[in-house]
Amino acid sequence: MARTLLTDDLLARIHDRAAHHDAENTFPHEDLADLADAGYLRAFVPEDMGGSGFTLQEVASEQQRLAAAAPATALAVNMHLVVTGLAAALHRTGDATTDFILRDAAAGEVYAFGNSEAGNDWVMFDSRTRAEPDGEGGYRYWGTKIFTSLSPVWTRLATFGRDDSDPENPLLVHGVVTREGTESRGDWDTLGMRATRSESTVLAGAHAPAARVYRRLAPGPNSDPFTFALFTTFEVLLAAVYTGIGARGLELAAQAVQRRTSMRTGASYAVDPDIRWKIADAALLQDSSVLQVRALARDVDEGYPHGARWFAQVVGLKVRAVENARAVVDIAFRVSGGAGYSAGNELSRLYRDVLAGIFHPSDEESAHATVASSILGPLP
């Protein structure tokens, strides 16, 4: 029997609050408190460190269920899970450099993921943020990070910046800071995923002491295990969130066509052959996403030898999951009638929320470049 931390009752409560937080553009504090009480923020933490020791496959399954209940809550907590998940992945290999993250999570700290920067299409392979050595092995960060989910509540921020103190050997420095020396801009007022409160974060000398600096890497692609753990965890869990949105979209579509009746024929829309074709199309897309998330998460957990095609596999999964979810929700709209166009309708909220998937790394362009290079080799 599959392990779970998310009871049906918990998911029902979270679902009931989602519409309010979307309409009011407020953070779901009660959701986070309920998830913390359930031990969900410690899902990746090994059992001997006070957590549940869930695998990536198990957490991805949980995230699909949570996203079906409340997409924004799932996406927000996803960032805490990415940070703790990459730490757990490194821990399993014997790398203890990020074990302090797991101990923090066990103690109740909430992690955010502060890496995205406006206009930085290098994503994790370069940075506009300045990392200044403090002379004792630690760093102070100066710059602005965007899309910092969990902005109202995080207590620890995993971030990075560029150290140019040696111009001949620049370094990308990854570390963890507290809220001291940071400011949230309060600039989150978006079309969808509103309850994530993913505000811009200004780093104004935020300090990571030496014990909380866990990587110094040269700019550009690298083969460090940290990079692999980050990308696989990030992309699989993102795919899981959007797959969960697709699941809820398909469920709402099925409910709508079973409820609607043709005035012309008196028959249920559920027996209309054209409608049935559309529902089947949605299910074909949804089933493929569920199976792909499950399979690739298991491959990560078991160390399947994808070799040089690993990054192509994970970015491809993310792109396919997002596009499939968008298509499923679109079909749900088409078969559900005009009621879905109401701003207060759940399907309308899903339609807006699912659009956010196109903005997460890897985007469609970079994913295609990665996949092409894995087949044809890098560009000269």
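This text follows the structure it describes.
Residues numbered from 1 in each chain as written. Predicted model: local features only at pLDDT ≥ 70, side-chain atom pairs only at ≥ 80, totals over all residues. Heavy atoms only, no water.

S.K.: Explain the pairing of strand β2 (residues 130-133) to me, please; I cannot follow it from the model alone.
M.R.: Residues in a regular strand project their side chains so that they alternate between the two faces of the sheet. As paired elements, β2 and strand β3 (residues 139-148) share four bridges and run antiparallel to each other. In the strand pairing of β3, arginine 130 is matched with tryptophan 142. Turn length for the β2-β3 hairpin, with the two strands adjacent in sequence and antiparallel, is five residues, and the turn residue glycine 135 shows positive phi of about 85°. (Pairing = 2+ DSSP bridges. Helix = DSSP H or I, 4+ residues; strand = E, 2+ residues; numbered from the N terminus.)

S.K.: Would you explain the nonpolar core in this entry?
M.R.: The nonpolar side chains of a soluble globular protein tend to be buried with one another. By size, the foremost hydrophobic cluster in this structure holds 100 residues, and its most contacted members are Tyr40, Leu66, Ile101, Leu237, Tyr242 and Ile245. The biggest single contributor to this core is helix α6 (residues 225-259), with 17 residues. The next biggest cluster of nonpolar side chains, apart from the first, holds twelve residues, and it includes Tyr139, Tyr141, Trp154 and Val213. (Core = buried A, V, L, I, M, F, W, Y, C linked by side-chain atoms within 4.5 Å. Buried < 20%, exposed > 50% of the residue type's maximum accessible area, 1.4 Å probe, protein only.)

S.K.: When you look at the packing of aromatic side chains in this model, what are you seeing that I'm missing?
M.R.: Geometrically, a pair of aromatic rings is defined through the distance of the ring centres and the angle of the planes. In total, this model carries nine aromatic pairs according to the counting rule given. Here phenylalanine 228 and phenylalanine 311 contribute two aromatic rings whose centre-to-centre distance is 6.4 Å and whose plane-to-plane angle is 85°, an arrangement assigned as edge-to-face. In this pair, phenylalanine 228 is assigned in helix α6 and phenylalanine 311 in helix α8 (residues 310-336), connecting sequence segments 83 residues apart. With a relative accessible area of 28%, phenylalanine 228 lands in the partly exposed category. Taking the relative accessible area as the measure of exposure, phenylalanine 311 reaches 30% and is therefore partly exposed. (Phe/Tyr/Trp six-rings, centres within 6.5 Å; stacked < 30°, edge-to-face > 60°.)

S.K.: Before we go on, may I ask you to explain the packing of α6 against helix α9 (residues 346-354) in this structure?
M.R.: Each pair of packed helices can be summarised by the angle the axes make with each other and by the distance between the axes. Interhelical geometry of α6 versus α9 gives an angle of 155° and a closest axis separation of 10 Å. As summarised for this structure, α6 and α9 are arranged roughly antiparallel, according to the angle between their axes. In the crossing of α6 with α9, the sense of the turn from one axis to the other is left-handed. Listed contacts from α9 to Tyr242, Ile245, Arg248, Gly249 and Leu252 of α6 are Glu346, Leu347, Leu350, Asp353 and Val354. (Axes fitted to C-alpha atoms, helices over the stretch in contact; angles between N-to-C directions. Parallel < 35°, antiparallel > 145°, perpendicular 65-115°, else oblique. Left-handed = near helix turned anticlockwise from the far one by under 90°. Contact = heavy atoms within 4.5 Å.)

S.K.: So what exactly am I meant to see when it comes to the environment of alanine 87 here?
M.R.: Tracing the sequence through the fold places alanine 87 in helix α4 (residues 71-92). Looking at alanine 87, the relative accessible area reads 0%, which means it is buried. Considering only alpha carbons, one finds alanine 87 and arginine 194, 107 residues apart in sequence, at a separation of 28 Å. Every residue in contact with alanine 87, bar those within four places of it in the chain, is listed here: Thr98, Ile101 and Leu102.

S.K.: I tried to follow the environment of alanine 112 on my own but got confused; where do I start?
M.R.: Within the element layout of this structure, alanine 112 appears in strand β1 (residues 111-114). Separated by 168 residues in sequence, alanine 112 and alanine 280 place their C-alpha atoms 38 Å apart. Sequence-distant contacts of alanine 112, defined by excluding residues within four places in its chain, comprise Val83, Thr148, Ser149, Trp154, Arg156, Leu157 and Ala158.

S.K.: Help me out: how do you make sense of a negative patch on the surface in this one?
M.R.: Taken together, the side chains of Asp121, Asp363, Glu364 and Glu365 present a region of like negative charge at the surface. Position of glutamate 364 among the secondary structure elements: in helix α10 (residues 364-376). (Patch = residues over 30% accessible without salt bridge, like charges linked within 9 Å, V, L, I, M, F, W, Y side chains within 5 Å. Areas by Shrake-Rupley, 256 points an atom, 1.4 Å probe, with all protein chains shown as cover. Salt bridge = Lys/Arg side-chain N within 4 Å of Asp/Glu carboxyl O. Lys, Arg positive; Asp, Glu negative; His and termini not counted. Charge placed at Lys NZ, Arg CZ, Asp CG, Glu CD.)

S.K.: Even after reading the chapter, I still don't get the packing of helix α1 (residues 8-24) against α9, so can you show me in this structure?
M.R.: Following both chains from N to C, one finds α1 and α9 inclined at 65°, their axes separated by 11 Å at the closest point. With respect to α9, the element α1 is oriented roughly perpendicular. Pair α1 / α9 crosses with left-handed handedness. Residues His15, Ala18, Ala19 and Asp22 of α1 touch α9, and the partners they reach there are Glu346, Arg349 and Arg352. Split into classes, the residues belonging to the contact of α1 with α9 amount to two nonpolar, one polar and four charged. (Nonpolar A, V, L, I, M, F, W, Y, C, P; charged D, E, K, R; others polar.)

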